[in-house]
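Coordinate analysis (summary)
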Amino acid sequence: LGGMIAPLLAPAGTRGIAVFGAGVGRLRDILLGTARRRAELVGMTGAALGVFVASIETVVDRVVVGGAPPADLYAERPELAAVASQWYAGDRVFGRVAAFYRQLEQRDLVSAWREVRVPVLALHGSADWVASAADTARIAALAGEAARSAELAAVDHFMRLPRDDAPSALSPALVETLLGWLSERFDVRG
C-alpha cells in the first residue's frame, strides 16, 4: 500500500519516487482485481469464479466502500465469511483497521499521481498477482515525462524470485533496476 499512497505522502523537496507492485485507481477496483487474479491462479474458473468474485465484491462494497465492520456483515450474511474471513475479519481488512481502507478508497489516487512533479520509477514483477502490470504502466503515464515503468521477470509481490529449491531472496534484477535509475537521476556517489 505504500506505493499507492506515495504521491500523497511525498513532502516538498522529494526528489523522486520509486514504487513496486502498486495499484492506482479506486481501491475497490484494485481489491477486486487482486481477488480475481488470486482465484484464477489457484485454478478457479467459470461459474465458481463468478460466484467468488461477486461475493468478494459484496464484501468490498459493504466494508471498504460502505464502512460496515466485517463482523457485522458476516452476522447479516454468514455465507460471505466462507469466502473472505481470512482477509476481512472483526474490524480488520488484511490485518489493518478497516477504516484505513475506507479512507484510502475515498482518495483520488489518479489525481495524486497527475500532480507528481518529480522522477518516478514504477516497477512490477511478472509473478505478482497482487498488483497488475497495467496499474504500473498507468502510474508512469499519469506521472508524466519524468516517469517510467518496468516489468521484472519472475519477481513476486514481495520483490523476490520464488524458488522451490532455496529460500527466496530479494530479486537482483530489482536491485539493479533501482540502482540504475537512482544513478541516472541523482548523484549517488558513495
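Structure: see above.
To keep things clear, this report deals only with the structure shown in the data block. (Residues numbered from 1 in each chain as written. Predicted model: local features only at pLDDT ≥ 70, side-chain atom pairs only at ≥ 80, totals over all residues. Heavy atoms only, no water.)

Overview of the pairing of strand S6 (residues 147-152)
Pairing of strand S5 (residues 120-125) with S6, which is carried by six bridges, proceeds in the parallel orientation. Each bridged residue has a counterpart across the sheet, and for Leu121 the counterpart in S6 is Arg148. Where the polypeptide runs from S5 across helix H8 (residues 133-143) and back to S6, its parallel neighbour, the crossover connection is right-handed. (Pairing = 2+ DSSP bridges. Helix = DSSP H or I, 4+ residues; strand = E, 2+ residues; numbered from the N terminus. Right-handed = clockwise from strand over helix to strand, strands pointing away.)

Regarding the packing of helix H3 (residues 46-65) against helix H6 (residues 98-105)
Following both chains from N to C, one finds H3 and H6 inclined at 90°, their axes separated by 8 Å at the closest point. Classified by the interaxial angle, the pair formed by H3 and H6 is roughly perpendicular. Contacts from Val63, Val64 and Val65 in H3 reach Ala98, Tyr101, Arg102 and Glu105 in H6. Considering only residue class, the contact of H3 with H6 consists of five nonpolar, no polar and two charged. (Axes fitted to C-alpha atoms, helices over the stretch in contact; angles between N-to-C directions. Parallel < 35°, antiparallel > 145°, perpendicular 65-115°, else oblique. Contact = heavy atoms within 4.5 Å. Nonpolar A, V, L, I, M, F, W, Y, C, P; charged D, E, K, R; others polar.)

Thoughts on the pattern of salt bridges
Evaluated as defined, the whole model comprises nine salt bridges. Measuring nitrogen to oxygen at the nearest pair gives 3.1 Å for the salt bridge that ties Asp29 to Arg28. When its relative accessible area of 42% is taken as the criterion, Asp29 is described as partly exposed. Accessibility expressed as a relative area gives 13% for Arg28, which makes it buried. Of the charged contacts in the structure, one is a salt bridge between Asp91 and Arg92, with a shortest N-O distance of 3.5 Å. Since its relative accessible area comes to 35%, Arg92 is described here as partly exposed. Here the residues in one salt-bridge network are Arg28, Asp29, Glu57 and Asp61, joined through shared partners. (Salt bridge = Lys/Arg side-chain N within 4 Å of Asp/Glu carboxyl O. Buried < 20%, exposed > 50% of the residue type's maximum accessible area, 1.4 Å probe, protein only.)

Observations regarding the packing of aromatic side chains
Considering all chains together, one arrives at four aromatic pairs under this definition. Seen from their ring centres, Phe94 and Tyr101 are 6.1 Å apart, and the 45° between their planes marks the pair as tilted. By relative accessible area, which is 36% here, Phe94 ends up partly exposed. Judged by centre distance (5.7 Å) and plane angle (80°), the ring pair of Trp181 and Phe186 falls under edge-to-face. Since its relative accessible area comes to 14%, Phe186 is described here as buried. Put simply, the rings of Tyr88, Phe94, Phe100 and Tyr101 pair up and form one aromatic cluster. (Phe/Tyr/Trp six-rings, centres within 6.5 Å; stacked < 30°, edge-to-face > 60°.)

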